[in-house]
Amino acid sequence: MTIEIIQIVGLGLITTFLALVVKEQKPIFAFLLTVFVGILIFLFIIDEIVKVITMLENIAKNANINMVYVQTILKIIGIAYIAEFGAQIAKDAGQAAIASKIELAGKILILVMAIPILTSIIEMIISLIPG
């Protein structure tokens with residue numbers, strides 16, 4: 001795990017240096033280099049993400065938690081990370097307005113995904129109230 005983060009940080013720092021050098025002559029190439037390395041880092045850690053998802057699903061099964069809720073929460077987390085990644089790319093390209101729209105869309109999609117969970121929690125609370 002320590003070696004992996006050192007490799008990721010090293011790749012990030014080298015890319016930052018190269019992007020700064022290239023940006024003077026060809027800003028579009030610097031941007032493309034940044035996006036490419038961002039995607040490469042994501043692909044580098046995808047196995048770790050799969051391990052975490054598998055572990056969480058096993059814990060949920062052992063705790064007899066409805067898998068629909070776990071899958072919904074994992075989707076919400078995925079939406080948050082993807083929206084953040086997209087917004088950061090837009091910010092790197094100097095498009096703060098688009099970045100804020102990506103973030104807003106991510107928040108709205110998270111709210112939509114969370115409605116079934118919120119509904120079931122409210123129904124459970126109502127069922128516990130005597131009356």
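Data block above holds the structure.
Throughout what follows, the structure given in this document is the object of discussion. (Residues numbered from 1 in each chain as written. Predicted model: local features only at pLDDT ≥ 70, side-chain atom pairs only at ≥ 80, totals over all residues. Heavy atoms only, no water.)

Re helix α3 (residues 67-92)
Right, so step 1: In this model, α3 (26 residues) spans 37 Å end to end at C-alpha, consistent with the 38 Å of a helix rising 1.5 Å per residue.
Right, so step 2: Within α3 the residues assigned to the buried category are V70, T72, L74, I76, I79, A83, A87 and A90.
Right, so step 3: Where α3 is buried, its residues contact α2 (27-62) and α4 (96-128).
Right, so step 4: Here α3 starts with a cap whose side-chain oxygen sits 3.0 Å from the backbone nitrogen of V68, and that cap is N66.
Right, so step 5: Once α3 ends, the next one or two residues include G94, with phi positive near 80 degrees. (Helix = DSSP H or I, 4+ residues; strand = E, 2+ residues; numbered from the N terminus. Expected span 1.5 Å × (residues − 1). Buried < 20%, exposed > 50% of the residue type's maximum accessible area, 1.4 Å probe, protein only. Contact = heavy atoms within 4.5 Å. Polar contact = N/O pair within 3.5 Å; in protein donor to acceptor, adjacent residues only side chain to side chain.)

Remarks on the packing of α3 against α4
Right, so step 1: The N-to-C vectors of α3 and α4 enclose an angle of 175 degrees; their axes lie 8 Å apart at closest approach. Judged by the inter-axis angle, α3 sits roughly antiparallel to α4.
Right, so step 2: Its residues assigned to classes, the contact of α3 with α4 shows 16 nonpolar, four polar and four charged. (Axes fitted to C-alpha atoms, helices over the stretch in contact; angles between N-to-C directions. Parallel < 35°, antiparallel > 145°, perpendicular 65-115°, else oblique. Nonpolar A, V, L, I, M, F, W, Y, C, P; charged D, E, K, R; others polar.)

Thoughts on the pattern of salt bridges
Right, so step 1: The full count for this structure, using the stated rule, is two salt bridges.
Right, so step 2: A salt bridge links E48 to K51, with the shortest nitrogen-to-oxygen separation between them at 3.5 Å. Residue E48 and its partner K51 are located together in helix α2, separated by three residues, close to a single helical turn.
Right, so step 3: Between K91 and E103 there is a salt bridge, and its shortest N-O distance comes to 3.3 Å. With a gap of 12 residues between them, K91 in helix α3 and E103 in helix α4 connect regions that are remote in the sequence.
Right, so step 4: On the basis of relative accessible area, E103 is assigned to the partly exposed category, the value being 23%. (Salt bridge = Lys/Arg side-chain N within 4 Å of Asp/Glu carboxyl O.)

A look at α2
Right, so step 1: Here α2 contains 36 residues, and its C-alpha end-to-end distance of 52 Å stays within 8% of the 52 Å for a straight helix at 1.5 Å per residue.
Right, so step 2: Where α2 bends most, the angle comes to about 45 degrees, and this point is I45.
Right, so step 3: Those residues of α2 that sit buried are A30, V35, V37, G38 and A60.
Right, so step 4: At its buried positions, α2 is contacted by α1 (2-23) and α3.
Right, so step 5: At the exit of α2 stands N64, carrying a positive phi of roughly 55 degrees. (Bend = angle between axes of the 7 residues up to and from the residue.)

Section: the layout of surface pockets
Right, so step 1: In this structure, the largest pocket spans a volume of roughly 800 Å³.
Right, so step 2: Every residue lining the largest pocket is counted, 22 residues in all, and those nearest its centre are F42, I45, I49, Y81 and F85.
Right, so step 3: Ranked by the residues each element gives to the lining of the largest pocket, the list is headed by α2, at 12 residues.
Right, so step 4: Space inside the second largest pocket adds up to approximately 200 Å³.
Right, so step 5: Taken together, A19, L20, K23, P27, I28, A30, F31, T34, D92 and A93 make up the full set of residues lining the second largest pocket.
Right, so step 6: Those elements that provide at least two residues to the lining of the second largest pocket are α1 and α2.
Right, so step 7: Considering each element in turn, the lining of the second largest pocket owes the most residues, five residues, to α2.
Right, so step 8: Of the residues contributing to the lining of the second largest pocket, the split by class is seven nonpolar, one polar and two charged. (1 Å grid on protein atoms, 1.4 Å probe; cavity = no way out; pocket = protein on both sides within 12 Å on 5 of 7 lines; lining within 4 Å. Points joined across faces, edges and corners; volume = space filled by probe spheres on them.)

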